[in-house]
Amino acid sequence: MSGTGPSRSHPVLSDGQTTLRRFTAADASAFASIHTDPLNITWTASDPAMTVREAGELIAGSIARGWEDGRYLRFAITDMLDGVPAIVGTLSLQDVFSTAGGGSAGVGIKMLPAGRGTGAAQRAIALLCGYAFGNLGLEILHWRTTAGNEASASLARRCGFVLAAEIPGYGHVDGTVADGLMFTLTRDGYHLFDGLPAGSGALDLTPAVPVLAGDRVVLRALSMADAPALVENCRNPEAVRWTAVPLDYSMADADFFINKLTVEGWRTGRTLIFAAARADTDELLGTIDLQCKAPGAAAVGINFGPHARGTGAAEEAVRLLLDYAFDQLNLAWVHWIAMVPNWASRKLAWKLGFHYDGHGRGDYDDRGKPADRWLLSLAAGEPRTPVQPWTGPVPRSG
Ligand SMILES: CC(C)(COP(=O)(O)OP(=O)(O)OC[C@H]1O[C@@H](n2cnc3c(N)ncnc32)[C@H](O)[C@@H]1OP(=O)(O)O)[C@@H](O)C(=O)NCCC(=O)NCCS
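Residues numbered from 1 in each chain as written. Predicted model: local features only at pLDDT ≥ 70, side-chain atom pairs only at ≥ 80, totals over all residues.

- Going by the annotation in an unreviewed UniProt entry, the name recorded for the protein is RimJ/RimL family protein N-acetyltransferase, with Arthrobacter stackebrandtii given as the source organism.

In structure tokens:
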């Protein structure tokens, strides 16, 4: 249940787990912590030297005035941590411009480490959007971020915002000017939003796929130059046996995967697909992806061609992907699901520190037939080396 109360200048918005409310003098220490957090310093104009006293003065001063004149509405985000509500970030409606027919505002968010990757940010934004469009009657919200701040862009997309413009010099990194992105969400788009992006009227820009470079492997965007190798990899019997690739994989399948599925996956933030290529020749080794179905967690998908297996390349590719998932997207969990008995897959996950969580009977859709699956997981901060003895078969030779 979400609700607003108790008053227009002191609203409390809550879905039962996450709450938005005004800051009080007692929150000064948490407010200062938000500003002195290194990630917030990097990507937002946080004051790295803010003291608790200065935070208290801001809460009583400019933040209170913002609520009085209605132009800058800064909320504290609280979430249940160990059963107790704790401040996990701040979310604001900035430059609120109300008109008779609607109006606009910017959205600004900064999270504390305890709130990142937990879904609290997404829940908080859902509450804020309901308030902005429903209670305040605004017609459009703007979300400004710096190019390269993947956690922010991905959160915006998951909340239904669409990319409207890339603006030179409109962002900042570590106190220096950088290029910026502007996302927007309209009232109509918000009401239409049901997990798919509300795209009407927005520019249809191709999303940027980051390049994650390792010593021997690079994760980058797929292109049609990869299509012949992709077709070969997806026709390989092991790929057919253990993944959901279409049967009799063709160039048309590759075209659809590269130009439709992958682009849509990055645009919505739901499925982040990379090509894994050799760092020296750029030859395609395979594909690897993050399936972001629930807040704070994602599952790995991987398919390497036979020429690339057993070379350590898949391991390096997953390590790059894990760094991205935990350090850039701030996920709390990465899951690994393999159809039983895909020992190559399970062994790779084991090498990377994934914990074996269990065996789901009939819980895997093997092209329309129920099959068993293994579930493994890795939490942010856990070691990326084996944590349990290897209990599977020893490798086949040759
Ligand atoms: C799964 C996959 C990405 C792993 O990549 P890889 O390069 O083979 O991984 P690695 O060589 O680093 O590790 C695999 C390990 O499993 C072992 N292995 C392979 N087949 C095995 C089997 N049938 N029984 C026991 N161990 C096996 C390998 O010997 C290796 O262990 P080792 O390094 O101790 O020798 C790759 O094999 C692949 O793309 N397979 C086809 C698609 C697929 O299965 N995707 C995963 C879906 S969940």
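### Focus on the overall build of the protein
(1) Moving on: Broken down by element type, the protein carries eleven helices and 17 strands.
(2) Moving on: Taken over the C-alpha trace, the protein has a radius of gyration of 23 Å; the compact-globule value for 398 residues is 21 Å, and the two agree within 12%.
(3) Moving on: Partitioning the intrachain contacts of the protein with sequence separation of at least 6 by distance along the chain shows that 60% fall at a separation of at least 24. (Helix = DSSP H or I, 4+ residues; strand = E, 2+ residues; numbered from the N terminus. Rg over C-alpha atoms; globule rule 2.2 N^0.38 Å. Contact = placed C-beta atoms within 7 Å.)

### Some words on the pairing of strand β13 (residues 284-294)
(1) Moving on: With eight of eleven residues buried, β13 lies mostly within the body of the structure.
(2) Moving on: In terms of strand pairing, strand β12 (residues 271-278) meets β13 through seven bridges, oriented antiparallel. Paired with Ala 275 across the strands is Thr 287, a residue of β13.
(3) Moving on: Relative to strand β14 (residues 297-304), β13 is paired through seven bridges, and the arrangement is antiparallel. From the neighbouring strand, Gln 291 faces β14, where its bridge partner is Ala 299.
(4) Moving on: Hairpin geometry of β13 and β14 is characterised by an intervening segment of two residues between the two adjacent antiparallel strands and by a positive phi of about 80 degrees at Gly 296. (Buried ≥ 20, exposed ≤ 12 C-beta atoms within 10 Å, placed from the backbone. Pairing = 2+ DSSP bridges.)

### What to know about the domain arrangement of the protein
(1) Moving on: Parsing the protein into structural domains produces domain 1 (3-192) and domain 2 (212-379).
(2) Moving on: The distance between the C-alpha centroids of domain 1 and domain 2 comes to 34 Å.
(3) Moving on: Opposite the ten residues of domain 1 that make contact, domain 2 presents ten residues.
(4) Moving on: No other element matches helix α5 (residues 150-158), which puts five residues into the side of domain 1 that touches domain 2.
(5) Moving on: Here the side of domain 1 that touches domain 2 is composed, by residue class, of one nonpolar, five polar and four charged. (Domains from an automatic or database assignment. Nonpolar A, V, L, I, M, F, W, Y, C, P; charged D, E, K, R; others polar.)

### Describing the environment of Gly 134
(1) Moving on: Relative to the helices and strands, Gly 134 is located in helix α4 (residues 120-135).
(2) Moving on: Exposure remark for Gly 134: the 14 C-beta atoms within 10 Å place this residue in the partly exposed category.
(3) Moving on: Separated by 53 residues in the primary sequence, Gly 134 and Arg 187 have C-alpha atoms spaced 8.7 Å apart.

### Examining the confidence of the model for the protein
(1) Moving on: When pLDDT is averaged along the protein, the result is 90, and 93% of the positions lie at 70 or above.
(2) Moving on: Here residues 1-6 is modelled with pLDDT under 50, and outside its nearest four sequence neighbours on either side it reaches 14 contacts, counting other chains as well.
(3) Moving on: Predicted confidence is poor over residues 194-204, with pLDDT under 50, and the contacts of this stretch with residues over four places away or in other chains come to 21 contacts. (pLDDT = per-residue confidence, 0-100.)

### Quick look at the packing of helix α7 (residues 227-235) against helix α9 (residues 251-268)
(1) Moving on: Running from amino to carboxyl end, α7 crosses α9 at an angle of 110 degrees, the nearest separation of the two axes being 9 Å. With respect to each other, α7 and α9 are oriented roughly perpendicular. Our pair here, α7 against α9, has a crossing hand that is right-handed. Here Ala 227, Leu 230 and Val 231 of α7 lie close against α9, whose contacting residues are Met 251, Ala 254, Asp 255 and Ile 258. (Axes fitted to C-alpha atoms, helices over the stretch in contact; angles between N-to-C directions. Parallel < 35°, antiparallel > 145°, perpendicular 65-115°, else oblique. Left-handed = near helix turned anticlockwise from the far one by under 90°.)

### Section: the UniProt feature "domain: N-acetyltransferase" (unreviewed entry) in the protein
(1) Moving on: Per the UniProt record, the feature "domain: N-acetyltransferase" (unreviewed entry) sits at residues 217-379.
(2) Moving on: A helix fraction of 36% and a strand fraction of 37% characterise residues 217-379, whose end C-alpha atoms lie 24 Å from each other. (UniProt positions renumbered as here; feature names shortened; annotations may be inferred.)

### Considerations on the nonpolar core
(1) Moving on: In this structure, Ala 276, Ala 317, Val 318, Leu 321 and Ala 325 are the most contacted members of the largest nonpolar core, which totals 51 residues.
(2) Moving on: Setting aside anything within four residues of it in sequence, one finds Ala 317 in contact with Val 217, Leu 219, Ala 276 and Ile 288. (Core = buried A, V, L, I, M, F, W, Y, C linked by C-beta atoms within 7 Å.)

### Focus on α4
(1) Moving on: Taking 1.5 Å per residue, 16 residues should reach 22 Å; α4 reaches 21 Å between its end C-alpha atoms and fits that length.
(2) Moving on: Looking at α4, one finds that the buried residues are Ala 120, Ala 121, Arg 123, Ala 124, Ile 125, Leu 127, Leu 128, Cys 129, Ala 132 and Phe 133. (Expected span 1.5 Å × (residues − 1).)

### Section: the sheet that holds β13
(1) Moving on: Read from one edge to the other, the open sheet built from eight strands follows the order β10-β11-β12-β13-β14-β15-β17-β16, with strand pairing classed as mixed. One side of each edge strand has no neighbouring strand; the edge strands of this open sheet are β10 (212-213) and β16 (355-366).
(2) Moving on: Pairing of β10 with strand β11 (residues 217-220) involves two bridges; the strand directions are antiparallel. What sits directly across from Leu 212, in β11, is Leu 219.

### Let's talk about the pairing of β12
(1) Moving on: By the criterion of burial, β12 is predominantly enclosed, with six of the eight residues buried.
(2) Moving on: Strand direction decides the pairing type here: β11 and β12, joined by four bridges, are antiparallel. Across the sheet, the residue bridging to Arg 220 is Ala 275, located in β12.

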